[in-house]
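Residue-level structure breakdown
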Amino acid sequence: MSKNINVGVIGGGLMGREVASAFGRWFVINDSKVNPSLYAVADLNKEALKWFNSVPTCKLLTENYQDLLECSEIDVVYVAVPHNMHEKIYIDVLNSGKDLLAEKPFGIDLGSAERIVKVIKSSGQFVRCSSEFPFFPGAQRVYKVAKSGEIGRILEVRSGFHHGSDLDSSKAANWKRQSKTCGEIGVMGDLGMHVCHVPFRLGFEPSSVYAQLQKGYPERPGGACDTWDNAMLHAWIDVDGAEPVPMRLEMKRMAPGETDTWFIEVLGTDGGARFSTKEPRTLWQFSRGIEQEWRRVDLGFDTPFKTITGGIFEPGFPDILMQMWAAFFAEREGHLNECFGCVTPSEALLSHRLFAAAVQSQQLNQVIEIT
Ligand SMILES: NC(=O)c1ccc[n+]([C@@H]2O[C@H](COP(=O)([O-])OP(=O)(O)OC[C@H]3O[C@@H](n4cnc5c(N)ncnc54)[C@H](O)[C@@H]3O)[C@@H](O)[C@H]2O)c1
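Each value, and the rule that gives it
Residues numbered from 1 in each chain as written. Predicted model: local features only at pLDDT ≥ 70, side-chain atom pairs only at ≥ 80, totals over all residues. Pairing = 2+ DSSP bridges. Helix = DSSP H or I, 4+ residues; strand = E, 2+ residues; numbered from the N terminus. Contact = placed C-beta atoms within 7 Å. Axes fitted to C-alpha atoms, helices over the stretch in contact; angles between N-to-C directions. Core = buried A, V, L, I, M, F, W, Y, C linked by C-beta atoms within 7 Å. Buried ≥ 20, exposed ≤ 12 C-beta atoms within 10 Å, placed from the backbone. Domains from an automatic or database assignment. Near = placed C-beta within 6 Å. Nonpolar A, V, L, I, M, F, W, Y, C, P; charged D, E, K, R; others polar. Expected span 1.5 Å × (residues − 1). Right-handed = clockwise from strand over helix to strand, strands pointing away. Parallel < 35°, antiparallel > 145°, perpendicular 65-115°, else oblique. Left-handed = near helix turned anticlockwise from the far one by under 90°.

Here we take up the sheet that holds strand E13 (residues 260-268). Spatial ordering of the open sheet is given by E16-E15-E14-E13-E7-E12-E11-E8-E17, a layout of 9 strands whose pairing is mixed. What marks the edges here is a single partner per strand, and that holds for strand E16 (292-298) and strand E17 (368-369). Bridge count between strand E15 (residues 282-288) and E16: 7 bridges; the pairing is antiparallel. Each bridged residue has a counterpart across the sheet, and for Arg-288 the counterpart in E16 is Gln-292. Contacts between helix H6 (residues 137-147) and the sheet are confined to E13, strand E14 (271-276) and E15, with E14 contributing the most and set at about 160° to the helix. Helix H8 (residues 187-201) contacts strand E7 (154-163), strand E11 (228-237), strand E12 (245-252) and E13 of the sheet and is inclined by roughly 140° relative to E12.

As structure tokens, this is what we get:
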């Protein structure tokens, strides 16, 4: 029998609604050991709360998130609010004794992430950070190929996330385009965790970075915008004590021709692999024998947690979000086994160290060592 888990959501916007959808069709996961339900939602905005009236498991809708934290039926809290609210709300969740799936970037800046991690260490609560794209079957295979030790000397790593959302100057100035609410790291706070998750899990920790950051439109309907919109980070990583390896991390909200393209590529002297969400069921695998070859493999729906969905179909965003939650619950229950897990607090902290160094690199036009 699967274990019931009640989840409370703080921030019922874009991502809060996606979580309701993931739990609402949880039955698609075969033999799940947990059965999560959306039990409560807190949001300052009454209109946002109203949407959750259509979720039958939802027992509490409140404008005050403390009501949700005081509710003893809730086991896990998911927080998806603007970045300036992360630190206060994450720490309040931890002090309430509940486990937490926190949204990225895990605090508005490095100092904020450090304070959150300190409370996590003293609280002992189970905490992970959201990043769902590595749960695409193709991303999982790139991870396995890179980890296999069978691709020779690793020569380069490229990981990126390209959006075209900010190309349209008529889009409104919302909190994601203002440093005071999104953070001085801008697009790196918005897209960076997605880009760092797989490389960091492979142990590819940057020792230095040179950053090229670009701003978007300074004015949009509704106000001024001051965040970095595009970030190209050129980092050095150490792999197994061999020659340093270049790693390029690309985060863009102004990428012509892109809606939501996440990609990763790891290349070695003897092999390599590449995956992009532009081809959601396809893995490109490189091998070097007598001839060099790029092989295209149709993976289909080979997700880490098996589902009722036919193996020939292609996965999409709602599927991988469920997979990420399945990994969160499995790890929380102590049976993640060999499966890929969600971003850990120390990986989130490492991403903040990298992004803070990138901002400094941009200011000084210099390579910055990451300590
Ligand atoms: N994992 C992903 O793919 C992904 C995608 C988009 C956003 N995000 C992250 O999710 C978080 C939220 O982003 P979003 O796009 O859902 O934003 P959003 O603006 O759509 O929703 C945020 C919600 O939080 C509410 N809110 C603000 N302050 C609050 C408070 N004190 N108490 C309760 N509710 C409050 C707002 O009213 C709003 O409804 C951010 O950290 C963002 O980086 C993650």
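With that settled, the discussion passes to the nonpolar core. Val-79 and Ala-358 are the most contacted members of the largest nonpolar core, which totals 104 residues. Both domains that meet at this core, namely domain 1 (3-129) and domain 2 (134-315 + 343-369), each give it at least three residues. Ignoring any residue separated from it by four or fewer positions in sequence, one finds Ala-358 in contact with Met-188, Val-209, Ala-211, Leu-213, Ala-231 and Leu-233.

With that settled, consider the domain arrangement of the chain. Segmenting the chain into domains produces domain 1 (3-129) and domain 2 (134-315 + 343-369). Each of domain 1 and domain 2 has a C-alpha centre, and these two points are 25 Å apart. Across the contact, 20 residues belong to domain 1 and 24 residues belong to domain 2. For the side of domain 1 that touches domain 2, the secondary structure elements donating two or more residues are helix H5 (110-123) and strand E6 (127-129).

The full set close to the ligand counts 22 residues, and Gly-11, Gly-13, Leu-14, Met-15 and Glu-103 are the nearest of them. Residue classes in the shell around the ligand are distributed as 11 nonpolar, 6 polar and 5 charged.

Glancing now at helix H10 (residues 345-364). Helix length check: H10 (20 residues) gives 29 Å between terminal C-alpha atoms against 28 Å at 1.5 Å per residue, within 8%. The set of residues buried in H10 consists of Pro-345, Glu-347, Ala-348, Ser-351, His-352, Leu-354, Phe-355, Ala-356, Ala-357, Ala-358, Val-359 and Ser-361. Along its buried surface, H10 packs onto H5, E6, H8, strand E8 (206-215), E11 and E17.

Turning to the pairing of strand E4 (residues 76-79), a few remarks are in order. Here E4 shows no split at all, with Val-76 and Tyr-78 on one side and Val-77 and Val-79 on the other all buried. Each parallel crossover has a hand, and for E4 linked through helix H4 (residues 86-95) to strand E5 (residues 99-102) it is right-handed.

Right, let's get into the pairing of strand E2 (residues 34-42). Of all the 9 residues making up E2, 7 are buried; the element is thus mostly covered by neighbouring parts of the structure. Bridging between strand E1 (residues 3-10) and E2 involves 8 bridges; their strand directions are parallel. Following the sheet pairing, Gly-8 is matched in E2 by Ala-40. At this point the chain moves from E1, through helix H1 (residues 14-24), to the parallel E2, and the crossover so formed is right-handed. The sheet contact formed by E2 and strand E3 (residues 60-62) spans 3 bridges and is parallel. Paired with Val-41 across the bridge in E3 is Leu-61.

Taking strand neighbours across the sheet as the criterion, the 6 strands line up as E3-E2-E1-E4-E5-E6 in an open arrangement whose pairing is parallel. The sheet is open, and its two borders are formed by E3 and E6, each paired with just one other strand. Averaged over all pairs of adjacent strands, the angle between strand axes in this sheet comes to 25°, irrespective of strand direction. Packing of H1 onto the sheet brings it into contact with E1, E2 and E4, and relative to E2 it is tilted by some 150°. Strands E1, E2, E5 and E6 of the sheet are contacted by helix H9 (residues 317-333), whose axis makes an angle of about 110° with E2.

We now examine the environment of Arg-253. Mapped onto the elements, Arg-253 comes out in the loop between E12 and E13. Look at Arg-253 and you get buried, because 25 C-beta atoms sit within 10 Å. Spatially, the C-alpha atom of Arg-253 lies 33 Å from that of Arg-332, the residues being 79 residues apart in sequence. The contact partners of Arg-253, leaving out residues within four places of it in the chain, are His-163, Ser-165, Asp-166, Val-187, Asp-190, Gly-216, Asp-229 and Asn-230.

Before going further, it helps to spend a moment on the packing of H8 against H10. At a minimum axis distance of 10 Å, the contact between H8 and H10 shows a crossing angle of 120°. The pairing of H8 with H10 is recorded here as oblique in orientation. Note that H8 runs across H10; the crossing there is right-handed. Residues Met-188, Gly-189, Gly-192, Met-193, Cys-196 and Phe-200 of H8 lie in contact with H10, whose contacting residues are Glu-347, Ala-348, Leu-350, Ser-351, Phe-355 and Ala-358. Its residues placed into classes, the contact of H8 with H10 shows 8 nonpolar, 3 polar and 1 charged.

Before going further, it helps to spend a moment on unusual backbone geometry. Here the bond from Lys-104 into Pro-105 is cis, since omega is 5°, no more than 30 degrees from zero. Note on placement: Pro-105 falls in the loop between E5 and H5. Even without being glycine, Asp-31 reaches a positive phi, approximately 50°. Looking at the element boundaries, Asp-31 is found in the loop between H1 and E2. Classification of Asp-31 by C-beta neighbours within 10 Å gives exposed; the count is 7. The residue Asn-337 is not glycine, and still its phi comes out positive at about 55°. With respect to the helices and strands, Asn-337 occurs in the loop between H9 and H10.

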